[in-house]
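Working through the structure, step by step
Spelled out, the chains give:
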Amino acid sequence: MRKQDGGRETGDAGHRKRGAAGGGGERDSPAHAARARSVRDDGTGADGSESDDGSGLADGESDSSPGVDSGESDSSPGVDSGESDNGTGVDHGEADNGTGIGRRHGSRGERMGAGADVRAHAGADTVADAVVVGAGVIGSSIALELARGGLRVVVVDRFGGAGNGSTSASSAVVRFTYPTVEGVTAAWESRHCWEAWRDHLEAPAGEPLASYHRCGVTMLDVDLAPRGLFTRHFDEVGVPYEEWDADRLAARLPAVDTGRYWPPRPVDDEEFFAGATGRLGALHTPDGGFVDDPRLAAANLAAAARRHGAAFRWRARVTAVPRSGGRVRGVRLDDGTELSAPVVVNAAGPWSGRLNQLAGVGGDFTVPLRPLRQEVHHVAAPPGYGVGGGSGPVLADMDLGTYIRPDGRGFLLVGGTEPECDALEWLDDPDTGRPGPTVSGFRTQVTRAARRLPGLRVPGRPRGVAGVYDVAGDWTPVYDRTDLDGFYVAIGTSGNQFKNAPLAGRLMSTLIHGVEAGHDHDRNPLTHPCTHTGRTLDLAAFSRRRRPTTSTGTVLG
């Protein structure tokens, strides 16, 4: 297995990524793939990695993110500020729920009108129990779960709506091939949430919702990530799977070339089109698939959070993170407003490092984090990719260094799996990531896909999306507290946490309520009981101080 140590330094920051970079056959997170609709309609798309998006950080950066629709109207963001602050960020007269966070008073929920965005009075401070920075799919899920728990939540986002940053660029793949039992458990639990999405949201009948498409995920054999790395955890967790030999793969997916071509090579390498050295089988998980509209999924979570009283401040950026006595006091915004709260959650995706700097945290992290620009491309599917006229499965092809995801009938999203031969485009500043696909990136990724799908035509003009996501050194997220009391992080989503967004909100709620009640999570890590599968997740797996997890060094984790 290849170990990742803060990302391999094969390219300078700003260096153009020569080839595909995606993972384990996906770009299931905010730095990746475009929704077909956004690619087809305007040739753009939208992020930067799961999680995920608008940081709400001020630095003079443009409001327009790669592929983000910047023409949305501002919904007059704000929060009700007509309450006094007692110095703790908890309203006077409210009962403490034992966590150190005040519960929302019932009449306030009524005043907020089911959580509609409210304009703050000019110049007035506002009061909340928790501020979440970032309204991507992760931040919106956290807001929902905290609001469900009775807290007054304010979400700050730099864009004009939920999911307009990295989430919008996600391929939104739901797969279970993680090298750790915690990763498999989280993905398997989250899949149940997606399949019961309306129930998860408690959404009213008639509300348009994102949909989960159970098309299956087929991972081609590769020595870097042998089947046993995953099946041992599948057996423990209860994930159904099928093991296919080369003949079975050819019968099930006749459009796929079963040849073994390892290792991945640049498409200009004279060995790229060398003959196969053998044949491949595959590991197939029939319950895997993808969510068809990642931005809508984030909007669904935000709407559910509003129904529980959460307020959202759009086009707002954090300029400071005040503290007092070793505890966070809230955040200060670029318009001078100070949101007073005893809890702040960093869910800012690729801008999360900047927010950590403002808060003065990160010195005790054992896992480095860094923004990475990626591309995902949109092409017509070849004839025969699918059975009975339906779409084919998600195809994870680390053998050639690519992944393929159906995008409605007749189209595919194509990304890469960070093969060693490709320079990765690490960024010092996520705002410098160039929007739109490059000719070289498109040619590399789609040519690799065409080697695997011989019937695939390589168009002469690139179509797709570029985005940025926050990569953890071991490609595993950090869901944790920090050494600044009250300041929490849901970051390092590494292009692979969109699928886990429904669960991530619940994990963070468990963590925040436990720590705020006095639990020493660093010495005695909290656990989270999974509602659907009955499994228990040890939150130590996502600690900022963990021993870096052995990984494939790709988005696969």
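Residues numbered from 1 in each chain as written. Predicted model: local features only at pLDDT ≥ 70, side-chain atom pairs only at ≥ 80, totals over all residues. Heavy atoms only, no water.

Turning next to the overall build of the protein. Looking only at helices and strands, one finds 11 helices and 26 strands in the protein. Partitioning the contacts of the protein with sequence separation of at least 6, the portion at a separation of at least 24 is 79%. Approximately 18300 Å² of the protein is accessible, and the part contributed by carbon and sulfur atoms is 47%. (Helix = DSSP H or I, 4+ residues; strand = E, 2+ residues; numbered from the N terminus. Contact = heavy atoms within 4.5 Å. Areas by Shrake-Rupley, 256 points an atom, 1.4 Å probe, with all protein chains shown as cover.)

This part covers the pattern of salt bridges. Evaluation of the coordinates by the stated rule reveals 36 salt bridges. With a shortest N-O distance of 2.7 Å, R152 and D129 are connected by a salt bridge. Taken together, the residues R152 in the loop between helix 3 (137-148) and strand 3 (153-156) and D129 in the loop between strand 1 (126-127) and strand 2 (130-133) connect sequence positions 23 residues apart. Overlapping salt bridges, with partners in common, bring together D364, D480, D522, R544 and R545 in one network. (Salt bridge = Lys/Arg side-chain N within 4 Å of Asp/Glu carboxyl O.)

The residue after W262, namely P263, is reached through a cis peptide bond having omega 0 degrees. Relative to the helices and strands, P263 is located in the loop between helix 7 (246-252) and strand 8 (282-285). Here R315, not a glycine, exhibits a phi torsion of approximately 50 degrees, which is positive. One can find R315 in the loop between strand 10 (311-313) and strand 11 (318-320). Here R315 falls in the partly exposed class, since its relative accessible area comes to 24%. Look at E418: it is not a glycine, yet its phi comes out positive at around 50 degrees. (Buried < 20%, exposed > 50% of the residue type's maximum accessible area, 1.4 Å probe, protein only.)

In this section: the environment of T180. Among the structural elements, T180 can be located in the loop between strand 4 (173-174) and helix 4 (181-195). A sequence separation of 50 residues divides T180 from F230, and the C-alpha atoms of the two residues are 7.9 Å apart. Among all residues touching T180, those that are not within four sequence positions of it are H233 and T549.

Turning our attention to the packing of helix 4 against helix 6 (residues 228-237). At a minimum axis distance of 9 Å, the contact between helix 4 and helix 6 shows a crossing angle of 55 degrees. For the element pair helix 4 / helix 6, the angle class is oblique. Crossing geometry of helix 4 relative to helix 6 is assigned as right-handed. Contact with helix 4, carried on its side by V181, V184, T185 and W188, involves H233, F234, E236 and V237 of helix 6 and no other residues of that element. When its residues are assigned to classes, the contact of helix 4 with helix 6 shows five nonpolar, two polar and one charged. (Axes fitted to C-alpha atoms, helices over the stretch in contact; angles between N-to-C directions. Parallel < 35°, antiparallel > 145°, perpendicular 65-115°, else oblique. Left-handed = near helix turned anticlockwise from the far one by under 90°. Nonpolar A, V, L, I, M, F, W, Y, C, P; charged D, E, K, R; others polar.)

Looking now at the packing of aromatic side chains. Describing an aromatic ring pair means giving the distance of the ring centres and the angle of the ring planes. A complete count under the given rule lists nine aromatic pairs for this structure. Ring plane angle 85 degrees and centroid distance 5.1 Å describe the contact between F176 and W188, whose orientation is recorded as edge-to-face. Pair noted here: F176 is in the loop between strand 4 and helix 4 and W188 is in helix 4, with a separation of 12 residues, a long-range link. The residues F176 and W188 share a single accessibility class, namely buried. Measuring from centroid to centroid gives 6.5 Å for Y469 and W475, while their planes differ by 70 degrees, and the two rings are edge-to-face. Like Y469, the residue W475 is buried in the burial classification. Taken together, W194, W197 and F498 form an aromatic cluster joined through their ring pairs. (Phe/Tyr/Trp six-rings, centres within 6.5 Å; stacked < 30°, edge-to-face > 60°.)

Take helix 6 next. Turning to helix 6, its buried residues are L229, F230, T231, H233, F234 and V237. Among the structural elements, helix 4, strand 6 (217-220) and strand 8 are those in contact with the buried residues of helix 6. Just past helix 6, the residue G238 takes up positive phi, approximately 100 degrees.

Attention now goes to the environment of G353. Looking at the element boundaries, G353 is found in helix 9 (residues 352-359). With a relative accessible area of 35%, G353 lands in the partly exposed category. Separated by 76 residues in sequence, G353 and D429 have C-alpha atoms that sit 9.7 Å apart.

Here we take up the sheet that holds strand 14 (residues 330-333). The sheet built from four strands is open, its strands ordered 1-15-14-11 with mixed pairing. The outermost strands of the open sheet, each flanked by one partner alone, are strand 1 and strand 11. Both strand 1 and strand 15 (residues 338-340) contribute to a ladder of two bridges, which runs parallel. Each residue of the ladder has a partner; that of T126, found in strand 15, is L339. (Pairing = 2+ DSSP bridges.)

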